[in-house]
Amino acid sequence: MIHINLLPIREIKRRNNAKKQIALAGVCLLCFFAILALLAFYQAGTVTSLQKSLADIQAEKQQYAKILNEIKRIEQDKKVLMTRIEIIKKLKESSSLTVHVMDEVANLTPPRRMWLKGLSQTGNQLRLSGMALDNQTVAKYMDDLGNSSYVQNVNLASASMEKYADRNLKLFSISCIVMVPDTNKDDKKIK
């Protein structure tokens, strides 16, 4: 006898396979969306973390900018103070210069052979005028002044003879430059 199967088994199997494939595709799609959602949450967390880190760094930068501005202001103040200190040092050196020059001139003037009649200082120019017994005394005095650490470029401006108390005396005028001796040169010579 012939059995006829009226049930469409192939069709049912095909439909079941199609349903399984659709279900599998749906599950895969749901897994894909779940993975995308997890990645999105991770990226959002990373972005938030980076933004917070950036905000912290910018706040720190602002804090350091204030410190840098303070350092720049202090450096400018330091430059002004150093300039003032240098000016004060130069004023101290130049104020004592006249005293040292007067001391040098007085110590180097030979007694009873030379008399100074005038001494004038304008800036660093010094002019001496006086009388001496002879030319050698004037020449030695000029050499002695030239060897002084406070006097340079000693030049005889004028010289003439004059009769004074029945003696022929040499009138002279000397010009020279006065300056503070360079202590660094002395230190270098010692070393």
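Summarised in this report is the structure supplied together with it. (Residues numbered from 1 in each chain as written. Predicted model: local features only at pLDDT ≥ 70, side-chain atom pairs only at ≥ 80, totals over all residues. Heavy atoms only, no water.)

### A word on the overall build of the protein
Thought 1: When its secondary structure is counted, the protein shows three helices and four strands.
Thought 2: Element order for the protein, N to C, with α for helix and β for strand: α-β-β-α-β-β-α.
Thought 3: For 191 residues, the compact-globule estimate of 2.2 N^0.38 gives 16 Å, and the protein exceeds it by more than 25% at 52 Å.
Thought 4: Projected onto its principal axes, the C-alpha coordinates of the protein cover approximately 185 × 30 × 30 Å.
Thought 5: Residues classed as buried in the protein amount to 15% of the 191 residues present.
Thought 6: Summarising the internal contacts of the protein: among those between residues at least 6 apart in sequence, 54% fall at separations of at least 24.
Thought 7: Put simply, the protein shows about 15700 Å² of open surface, and 60% of that area lies on carbon and sulfur atoms.
Thought 8: One way to put it: in the protein the 29 positive side-chain charges average out to a point 18 Å from where the 18 negative ones average out. (Helix = DSSP H or I, 4+ residues; strand = E, 2+ residues; numbered from the N terminus. Rg over C-alpha atoms; globule rule 2.2 N^0.38 Å. Buried < 20%, exposed > 50% of the residue type's maximum accessible area, 1.4 Å probe, protein only. Contact = heavy atoms within 4.5 Å. Areas by Shrake-Rupley, 256 points an atom, 1.4 Å probe, with all protein chains shown as cover. Lys, Arg positive; Asp, Glu negative; His and termini not counted. Charge placed at Lys NZ, Arg CZ, Asp CG, Glu CD.)

### Quick word on the side chain of Ser175
Thought 1: Tracing the backbone through its elements, the reader meets Ser175 in strand E4 (residues 167-178).
Thought 2: On the basis of relative accessibility, which here comes to 18%, the residue Ser175 falls in the buried class.
Thought 3: For Ser175, the residues in contact, after removing those within four places along its chain, are Leu126, Arg127, Asn153, Val154 and Asn155.

### Examining the packing of aromatic side chains
Thought 1: The full count for this structure, using the stated rule, is one aromatic pair.
Thought 2: Between Phe32 and Phe33 the ring centres are 6.0 Å apart and the planes differ by 55°, which places this aromatic pair in the tilted class.
Thought 3: On the basis of relative accessibility, which here comes to 48%, the residue Phe32 falls in the partly exposed class. (Phe/Tyr/Trp six-rings, centres within 6.5 Å; stacked < 30°, edge-to-face > 60°.)

### Quick word on the pattern of salt bridges
Thought 1: Taken as a whole, this structure holds six salt bridges when the rule is applied.
Thought 2: The residue Glu11 makes a salt bridge to Arg15 at a minimum N-O spacing of 3.4 Å. One end of the pair is Glu11 and the other is Arg15, both in helix H1 (residues 9-108) and four residues apart, which spans about a single turn.
Thought 3: The exposure class of Glu11 is partly exposed, given its relative accessible area of 31%.
Thought 4: A salt bridge links Arg113 to Asp134; the shortest N-O distance between them is 3.0 Å. Here Arg113, found in the loop between H1 and strand E1 (114-122), pairs with Asp134, found in the loop between strand E2 (125-132) and helix H2 (135-147); they are 21 residues apart in sequence, far enough to count as distant.
Thought 5: One connected set of salt bridges, linked through shared partners, spans Glu11, Arg14 and Arg15. (Salt bridge = Lys/Arg side-chain N within 4 Å of Asp/Glu carboxyl O.)

### Some words on the environment of Ala139
Thought 1: Tracing the backbone shows Ala139 in helix H2.
Thought 2: For the pair Ala139 and Leu156, spaced 17 residues apart in sequence, the C-alpha to C-alpha distance is 8.9 Å.

### Some thoughts on the state of the cysteines
Thought 1: Taken as a whole and assessed by the stated rule, the structure comprises zero disulfides.
Thought 2: Sulfur of Cys28: no disulfide; nearest cysteine sulfur belongs to Cys31 and is 6.4 Å away.
Thought 3: Given a relative accessible area of 42%, Cys31 falls into the partly exposed group. (Disulfide = S-S within 2.5 Å.)

### Thoughts on a nonpolar patch on the surface
Thought 1: On the surface, a cluster of nonpolar side chains totalling about 590 Å² of accessible area is made up of Leu29, Phe32, Phe33, Ile35, Leu36 and Leu39.
Thought 2: Among the structural elements, Leu36 can be located in helix H1. (Patch = residues over 30% accessible without salt bridge, like charges linked within 9 Å, V, L, I, M, F, W, Y side chains within 5 Å.)

### Some remarks on H1
Thought 1: Helix length check: H1, at 100 residues, gives a terminal C-alpha distance of 141 Å against a target of 148 Å (1.5 Å per residue), a fit within 8%.
Thought 2: Within the sequence span of H1, burial applies to Leu97, Val101 and Val105.
Thought 3: Residues of H1 that are buried make contact with E1, E2, H2 and E4. (Expected span 1.5 Å × (residues − 1).)

### Observations regarding the sheet that holds E1
Thought 1: Spatial ordering of the open sheet is given by E1-E2-E4-E3, a layout of four strands whose pairing is antiparallel. Both edges of this open sheet fall to E1 and strand E3 (151-164), since each of them pairs with a single strand only. For this sheet, the mean inter-axis angle between neighbouring strands, taken without regard to orientation, is 15°.
Thought 2: In terms of strand pairing, E3 meets E4 through 11 bridges, oriented antiparallel. Along E4, the bridge assignment pairs Ala159 with Phe172.
Thought 3: Seen against the sheet, H1 touches E1, E2 and E4 and runs at an angle of roughly 165° to E1. (Pairing = 2+ DSSP bridges. Axes fitted to C-alpha atoms, helices over the stretch in contact; angles between N-to-C directions.)

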